[in-house]
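Inside the fold
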Amino acid sequence: MNFFCLTKFAVLSLWIQTGACLNFTYHNYEEMVEVLVQINKTYPDISRIYSIGMSTQGRRLWVVTLTGAPDETVKGRPEVKLVGSIHGNEVVGREMLLHFAEYLAESYRRGDVPARRLLDGVRVHIAPNINPDGSEIAAEGDCFGVEGR
């Protein structure tokens, strides 16, 4: 079995174990925002969403924060920032971060010890798409073009 198949199997296995509801498709900007809002609604005790600004075409740059105490700033608590889709036509990072956010939140709710240890000790900021304008103009299957970069 090659690495891709193993990776796909591992992600599918995690998805089945957590009961995740996020589907395995590419999400456009509006769908991505809906996913972030849904994560915040489903896990309000550990998540917050906020905007870090606007794109040149007027789209908000959204971030979801996951942590055991989202309204509490603790001096000395590490903070981690994960960013996807710096190049808008590279969408896999965005999709992986959406799935990772859902996986972390659901694992925390289910009492998973590593997830609880992580989110109780670290504030994780996930910005799945830092170039939404590029993502919206990129064409699926165009591996050699520069549209969306």
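Our subject is the structure listed above.
Described in the following lines is the structure provided in the data block.

1. Let's talk about the overall build of the chain
Each helix and strand counted, the chain has five helices and four strands in total. When the 149 residues of the chain are sorted by exposure, 38% land in the buried category. Pairs at least 24 residues apart make up 69% of the contacts formed inside the chain by residues separated by at least 6 positions. Entry remark: accessible area of the chain is about 8800 Å², with carbon and sulfur atoms responsible for 60%.

2. Section: the packing of aromatic side chains
Considering all chains together, one arrives at zero aromatic pairs under this definition. Just above the ring of Tyr 108 sits the side chain of Arg 116; from NZ or CZ to the centre is 4.1 Å.

3. Side note on the pattern of salt bridges
Overall, the coordinates contain six salt bridges when judged by the stated rule. Among the salt bridges present, the one from Glu 79 reaches Arg 123, with a minimum N-O distance of 3.6 Å. Here Arg 123 lies in strand β4 (residues 123-127) and Glu 79 lies in strand β3 (residues 79-83), a separation of 44 residues in the sequence. Note that Arg 110 and Glu 106 form a salt bridge whose closest N and O atoms lie 2.9 Å from each other.

4. Re the packing of helix α3 (residues 92-109) against helix α4 (residues 113-121)
Interhelical geometry of α3 versus α4 gives an angle of 105 degrees and a closest axis separation of 8 Å. One way to sum up the angle between α3 and α4 is to call them roughly perpendicular. Taking contact as the criterion, the partners of Leu 104, Ser 107, Tyr 108 and Arg 109 in α3 are, on α4, Ala 115, Arg 116, Leu 118, Leu 119 and Asp 120. When its residues are assigned to classes, the contact of α3 with α4 shows five nonpolar, one polar and three charged.

Parameters at a glance
- Residues numbered from 1 in each chain as written.
- Predicted model: local features only at pLDDT ≥ 70, side-chain atom pairs only at ≥ 80, totals over all residues.
- Heavy atoms only, no water.
- Helix = DSSP H or I, 4+ residues; strand = E, 2+ residues; numbered from the N terminus.
- Buried < 20%, exposed > 50% of the residue type's maximum accessible area, 1.4 Å probe, protein only.
- Contact = heavy atoms within 4.5 Å.
- Areas by Shrake-Rupley, 256 points an atom, 1.4 Å probe, with all protein chains shown as cover.
- Phe/Tyr/Trp six-rings, centres within 6.5 Å; stacked < 30°, edge-to-face > 60°.
- Lys NZ or Arg CZ within 6 Å of the ring centre and 35° of its normal.
- Salt bridge = Lys/Arg side-chain N within 4 Å of Asp/Glu carboxyl O.
- Axes fitted to C-alpha atoms, helices over the stretch in contact; angles between N-to-C directions.
- Parallel < 35°, antiparallel > 145°, perpendicular 65-115°, else oblique.
- Nonpolar A, V, L, I, M, F, W, Y, C, P; charged D, E, K, R; others polar.

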